[in-house]
Amino acid sequence: MSDFVGDWHALLVLVIAGFLPNEVWRMLGLWLGGGVDEGSELLIWVRAVATAILAGVIAQILVQPPGALASVPDWLRYGAVAAGFAAFMLTRRSIFAGVVCGEVAMVAGKWWLG
Amino acid sequence: MRSVGSTVLTLVLFATYLGIGALAHDTHFSLAWALASTALVWAGPAQIILISTLGSGATVVQAAIAVTVSAIRLFPMVVSVLPMMRTPQTKRRHLVLATHFIAVTLWVECFRLLPQVPRERRIAFTHGLGIGLCAVCLTATALGYGLAANLPQLFAAAILLLTPLAFLLSTARNCRQLADILALVLGLALFPLASQLHTGVDILISGISAGTIAYGVHAWRERE
């Protein structure tokens, strides 16, 4: 059972660094909502920064891969994501086709390398 | 409930949370931690930022700052979607749970599905959709965690690759304006540069600069 829970300190960190930072913005939206214009310039900037942060996270997983993903060579990781993106564009933005194609490219490449 | 099953995004969400479960395993968090993060944080990008920053040795404060900044985008989502659920009798406390469930997928689905639901039943509908999606995600988190623990390295790597793929493509799909597209491309390109600085908040540095440049280009084009 203690394996399942792990250590309580980590759960506290989860609440402080994970739960609260998200919930604050949601509840602020609930309390202050209405006063903010959907298309306002501030929101365009906020959305651009949020998108760029997410892009940074994607890049981090690819450039500094965690765990088992580190066993895949750099060029194969980038190539698989490029293949997935190409499939996504060719299928008129089907996320499903892109994800499947990227995964197949990586698994096939890894299998071929042995 | 049928709405939960019918959305293609549920499949993407499932894949994303498989990845999050696997990521949590490979960065040595417990299964309970991973499940609690799915239920409490309920925002895939924030969870990945949290797991990867803590996993790469950042302090709690650095991780909290990165997550807080990434979570700002929830604010405009909440502001834009809540008016669709309100009736003149609605009190704020009726909306608290619905507000907690708002994240990218639910936000997109609310715009698609709520107009077909009678106004007085929309809060209940959102609760059902939120709980259904949450159950799907908890299952996926546990499954991904278990798979990463037991699968051969090749398949574990494939599950970890789901996260960047699913996020890249769903973000690309949501890009409507030039500022969004530029932010995505610049954000990808600037991170490897910022990561050379080894500050612990590299993602913030690349994200804020890429986002601001993208916004600047947008503002400059508007003036033309």
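Residues numbered from 1 in each chain as written. Chains lettered and ligands numbered in written order. Predicted model: local features only at pLDDT ≥ 70, side-chain atom pairs only at ≥ 80, totals over all residues. Heavy atoms only, no water.

1. Remarks on unusual backbone geometry
Residues and elements named next belong to chain A.
- The phi dihedral of R92 falls on the positive side, at around 50 degrees, and the residue is not glycine.
- As for its placement among the helices and strands, R92 is situated in the loop between α4 (74-90) and α5 (95-113).
- The exposure class assigned to R92 is exposed, which follows from its relative accessible area of 78%.
- With a phi close to 65 degrees, R93 is a non-glycine residue in the positive phi region.
- Tracing the sequence through the fold places R93 in the loop between α4 and α5. (Helix = DSSP H or I, 4+ residues; strand = E, 2+ residues; numbered from the N terminus. Buried < 20%, exposed > 50% of the residue type's maximum accessible area, 1.4 Å probe, protein only.)

2. Re the environment of G29(A)
- Tracing the backbone shows G29(A) in helix α2 (residues 8-32).
- G29(A) sits in the buried class, given a relative accessible area of 1%.

3. What about the interface of chain B and chain A?
- Taken together, the contact between chain B and chain A spans 88 residues of the former and 71 residues of the latter.
- A per-residue breakdown of the area chain B buries against chain A is headed by F75(B), L161(B) and L169(B), which together make up 10% of the total.
- The interface formed by chain B and chain A includes zero salt bridges.
- At the surface where chain B touches chain A, the tally comes to 14 residue pairs in polar contact (both at pLDDT 80 or more).
- Considering every element that reaches the side of chain B that touches chain A, the biggest residue donor is helix α10 (residues 153-174) of chain B, with 19 residues.
- For the side of chain B that touches chain A, the residue count by class is 62 nonpolar, 20 polar and six charged. (Contact = heavy atoms within 4.5 Å. Buried area = accessible area lost by both parts, 1.4 Å probe. Salt bridge = Lys/Arg side-chain N within 4 Å of Asp/Glu carboxyl O. Polar contact = N/O pair within 3.5 Å; in protein donor to acceptor, adjacent residues only side chain to side chain. Nonpolar A, V, L, I, M, F, W, Y, C, P; charged D, E, K, R; others polar.)

4. Quick notes on the environment of A58(B)
All names here are of chain B.
- Mapped onto the elements of the fold, A58 is located in the loop between α4 (44-55) and α5 (60-71).
- The buried category is assigned to A58, whose relative accessible area is 16%.
- In the structure, A58 is positioned 141 residues away from T199 in sequence and 9.1 Å away in space, judged by C-alpha atoms.

5. Describing the packing of aromatic side chains
- All told, the structure shown has five aromatic pairs over all chains when counted by the stated rule.
- Between W25(A) and F75(B), the aromatic rings sit 6.3 Å apart at their centres with planes inclined by 70 degrees, giving edge-to-face as the arrangement. A residue pair is termed interchain when its members come from two chains, as with W25(A) in helix α2 and F75(B) in helix α6 (residues 74-81). The pair W25(A) / F75(B) is uniform in exposure class, with both members buried.
- With centroids separated by 5.8 Å and ring planes inclined at 40 degrees, the aromatic side chains of F85(A) and F88(A) adopt a geometry described as tilted. With F85(A) and F88(A) both in helix α4, this residue pair falls three residues apart, about one helical turn.
- Relative accessible area serves as the criterion here: at 33%, F85(A) is assigned to the partly exposed category.
- Clustering of aromatic rings is evident, with ring pairs tying together Y17(B), W42(B) and F101(B). (Phe/Tyr/Trp six-rings, centres within 6.5 Å; stacked < 30°, edge-to-face > 60°.)

6. Description of the confidence of the model for chain B
All names here are of chain B.
- Looking at chain B as a whole, the pLDDT averages 85, with 96% of positions reaching at least 70.
- By mean pLDDT, the top-scoring element of chain B is helix α3 (residues 31-41) (93), and the lowest-scoring one is helix α1 (residues 2-6) (57).
- Taken together, the chains of this predicted complex give a pTM of 0.77 and an interface ipTM of 0.83. (pLDDT = per-residue confidence, 0-100.)

7. A short note on the pattern of salt bridges
Residues and elements named next belong to chain A.
- In the structure shown here, the tally under the stated rule is two salt bridges over all chains.
- The partner of R26 in a salt bridge is E23, with the nearest N and O atoms 3.0 Å apart. Of this pair, R26 and E23 both sit in helix α2, separated by three residues, roughly a single helical turn. In this structure, R26 and E23 share a single accessibility class: buried.
- The salt bridge involving R77 is made with D74; its shortest N-O contact spans 2.5 Å. Of this pair, R77 and D74 are both found in helix α4, three residues apart, which corresponds to roughly one turn of the helix.

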